[in-house]
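Okay, here's what each chain looks like letter by letter:
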Amino acid sequence: MTLPASPGHPDGRRHVLALDGGGVRGILTLRMLEAFETRFGTRACDFFDLFAGTSTGAIIAALLAFGRMSSRQILDFYRDLVGRVFERGLASSRVGRLFFPVMYSREFALETLASLFGDRRLGELDAPRPAGPQGILLTTHDLVRNEELFLSNFPLKGGRRNFGPTWKVRDAVAASALSAPWYFGPWEGRFVDGGLTVFNTPARQAAIEALDYCARPEFSPGKTVVWSFGSGAFETEFTAGDADGWFPWSWAGRLFQDIQGDAEADQIFGATRMARRGEIEFRRYQLTIGRETLRELLYEGDVPRLPIALDRVDASRFLDAIGGRFAERIDWSSADGFRMRSTAPDPFQDPGLWRSPAPPPPESAVPEQASPRLS
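Residues numbered from 1 in each chain as written. Predicted model: local features only at pLDDT ≥ 70, side-chain atom pairs only at ≥ 80, totals over all residues. Heavy atoms only, no water.

Novice: Could you clarify how one ought to interpret the overall build of the protein chain in this entry?
Specialist: Looking only at helices and strands, the protein chain has 10 helices and 9 strands in total. Dimensions of the protein chain along its principal axes, counting C-alpha atoms only, are 65 × 55 × 45 Å. Put simply, 75% of the contacts in the protein chain that link residues at least 6 apart link residues at least 24 apart. For the protein chain, the accessible surface area stands at approximately 18400 Å², while carbon and sulfur atoms represent 53% of it. (Helix = DSSP H or I, 4+ residues; strand = E, 2+ residues; numbered from the N terminus. Contact = heavy atoms within 4.5 Å. Areas by Shrake-Rupley, 256 points an atom, 1.4 Å probe, with all protein chains shown as cover.)

Have a look at this one:
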């Protein structure tokens, strides 16, 4: 497969890069991006016309857009960064969590952002390239307004005002990535990690912003390609009754995991519908980590406790290893992207779902106009 033509080529297609949140699991995302650059002989920072990111994806998007770094350079930087940001201490211990409002300091991360971006603002994304201007879109949730904010650098269609370009890059990244409750706490007392909502996977929203709101660069229906890179998902090993004895605090991790899973399903389903209607081309790259997929990847090393929370620095080498193996498997010729996940059990063989004594009827053909549900 040859790389789809960039805006500087005759077909005029434009390309959107959408990056999921996931903390330390951004290592897996970067392994995919590294494979993209190797396979097609181009840097992501030069190829894409719009960078969209949530949380750890916001850091990567900013480093691509403003840092003009290759994926390999960002990966090397990330390996050191996550160890420093998620450095364990009393506040992150089991006992400390009962007494401290946040688990980690963001001072080192803020100093790093200041050294990388200085006082540059989102509106100052002006890297020269033959294909023209580029856009950036970072997500955060505003507790004061009780709504998701999409911090962008581009002028809006219809002459509408946009406050995004006035934000310093380092502040926008902090609002999206260094603001998770109980990990870092709100940024500036009001902004929390965009990954707490359905925008942890920003694929559909990136497509909507590109087509409906972005005036420059200009995106057109049918000539917009959205490349969506995940940060790893996980199989559930939950069985009926497991939660019967849970205390209120026992639900925190499970609910956060479910929110992220639902966010991914919602955004991917929405982007897939846009693709079926011809508005965009949509390519999703994601690995669901579990026994079956690890066997398929021929991984025989140590497996950390799953699922992997965003601060699990101990899982960095594992993510690096399986990310590299998954990236080698990616079929870049597929128009839908590449996803590896375990075989889903048949819900009609589950007596907790099919509650009739009669056997389920055979499945009929899905009408063309209907959208099949995503597993």
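What follows continues from the structure just given.
Novice: Sorry, what's going on with the environment of Pro130 here?
Specialist: When you line up the elements, Pro130 lands in the loop between α5 (107–117) and β3 (135–142). Sequence separation between Pro130 and Asp46 is 84 residues; the distance between their C-alpha atoms is 9.4 Å.

Novice: What exactly am I supposed to notice about the pattern of salt bridges here?
Specialist: Close approach of charged atoms lets side chains of opposite charge pair. Here the structure, examined in full by the defined rule, presents 22 salt bridges. Across the pair Arg129 and Asp49 runs a salt bridge whose closest N-O atoms are separated by 2.4 Å. Separated by 80 residues along the polypeptide, Arg129 in the loop between α5 and β3 and Asp49 in the loop between α2 (44–47) and β2 (50–54) bring together distant segments of the chain. For Arg129, a relative accessible area of 12% corresponds to the buried category. Between Arg312 and Asp314 there is a salt bridge whose closest N-O contact spans 2.8 Å. Judged by relative accessible area, which is 55%, Asp314 ranks as exposed. Through salt bridges with shared partners, a single ionic network connects Arg31, Glu34, Arg72, Asp76, Arg79 and Asp320. (Salt bridge = Lys/Arg side-chain N within 4 Å of Asp/Glu carboxyl O. Buried < 20%, exposed > 50% of the residue type's maximum accessible area, 1.4 Å probe, protein only.)

Novice: What am I meant to see in α5 here?
Specialist: Think of an α-helix as turning once every 3.6 residues; residues three or four places apart then point the same way. For α5, the full list of buried residues reads Ala109, Leu110, Thr112, Leu113 and Phe117. End-on, the buried residues of α5 take up no more than an arc of 160°, which puts them together on one face. Opposite the packed face of α5, turned more than 90 degrees from it, sit the exposed residues Glu111 and Ser115. Positive backbone phi, at 55°, marks Gly118, one or two positions downstream of α5. (Arc of directions from axis to C-beta.)

Novice: Explanation requested: helix α4 (residues 71–85) in the structure shown.
Specialist: Here α4 is 15 residues long and its end C-alpha atoms lie 20 Å apart, about the 21 Å a rise of 1.5 Å per residue gives. The sharpest bend along α4 comes to roughly 25°, located at Tyr78. Along α4, the residues classified as buried are Ser71, Ile74, Leu75, Tyr78, Leu81, Val82 and Val85. Turning to α4, the residues buried within the fold contact α1 (26–40), α3 (56–65), α5 and α10 (316–329). (Expected span 1.5 Å × (residues − 1). Bend = angle between axes of the 7 residues up to and from the residue.)

Novice: Would you explain unusual backbone geometry in this entry?
Specialist: Trans peptide bonds make up the majority, and among non-glycine residues the majority have a negative phi. Here the bond from Arg216 into Pro217 is cis, since omega is 5°, no more than 30 degrees from zero. Assignment of secondary structure puts Pro217 in the loop between α7 (203–213) and β6 (224–229). Cis geometry is adopted by the peptide bond preceding Pro307, which originates at Leu306 and carries an omega value of 0°. Tracing the backbone through its elements, the reader meets Pro307 in the loop between α9 (291–296) and α10. Of note in this structure, Glu188 is not a glycine but carries a positive phi near 55°. Along the polypeptide, Glu188 turns up in the loop between α6 (169–177) and β5 (191–193). According to the relative accessible area criterion, Glu188 is exposed, its value standing at 51%.

Novice: Could you clarify how one ought to interpret the side chain of Thr288 in this entry?
Specialist: One can find Thr288 in strand β8 (residues 281–289). Residue classification places Thr288 among the buried positions, given a relative accessible area of 16%. Those residues in contact with Thr288 that sit more than four places away from it in its chain are Ala233, Phe234, Glu235, Thr293, Met340 and Arg341.

Novice: I keep staring at the packing of α1 against α3 and nothing clicks. Help me out?
Specialist: Packed helices, taken two at a time, are described by the angle their axes make and the gap between the axes. The interhelical angle for the contact between α1 and α3, taken along N-to-C directions, is 40°, at an axis separation of 10 Å. One finds that α1 runs oblique with respect to α3. Crossing hand, α1 versus α3: right-handed. Where α1 approaches α3, its residues Gly26, Thr29, Leu30 and Leu33 are matched on the opposing element by Thr56, Ile60 and Leu64. Residue composition of the contact of α1 with α3, grouped by class: 4 nonpolar, 3 polar and no charged. (Axes fitted to C-alpha atoms, helices over the stretch in contact; angles between N-to-C directions. Parallel < 35°, antiparallel > 145°, perpendicular 65-115°, else oblique. Left-handed = near helix turned anticlockwise from the far one by under 90°. Nonpolar A, V, L, I, M, F, W, Y, C, P; charged D, E, K, R; others polar.)

Novice: Before we go on, may I ask you to explain the pairing of β8 in this structure?
Specialist: Two faces make up the sheet, and in a regular strand the side chains alternate between them. Counting buried positions over the 9 residues of β8 gives 8, a clear majority of the element. As paired strands, strand β7 (residues 233–234) and β8 are joined by 2 bridges and run parallel to one another. Within the sheet, the bridge partner assigned to Phe234 lies in β8 and is Ile289. Relative to strand β9 (residues 337–340), β8 runs parallel, the two sharing 4 bridges. By the bridge assignment, Tyr285 is partnered in β9 with Phe338. (Pairing = 2+ DSSP bridges.)

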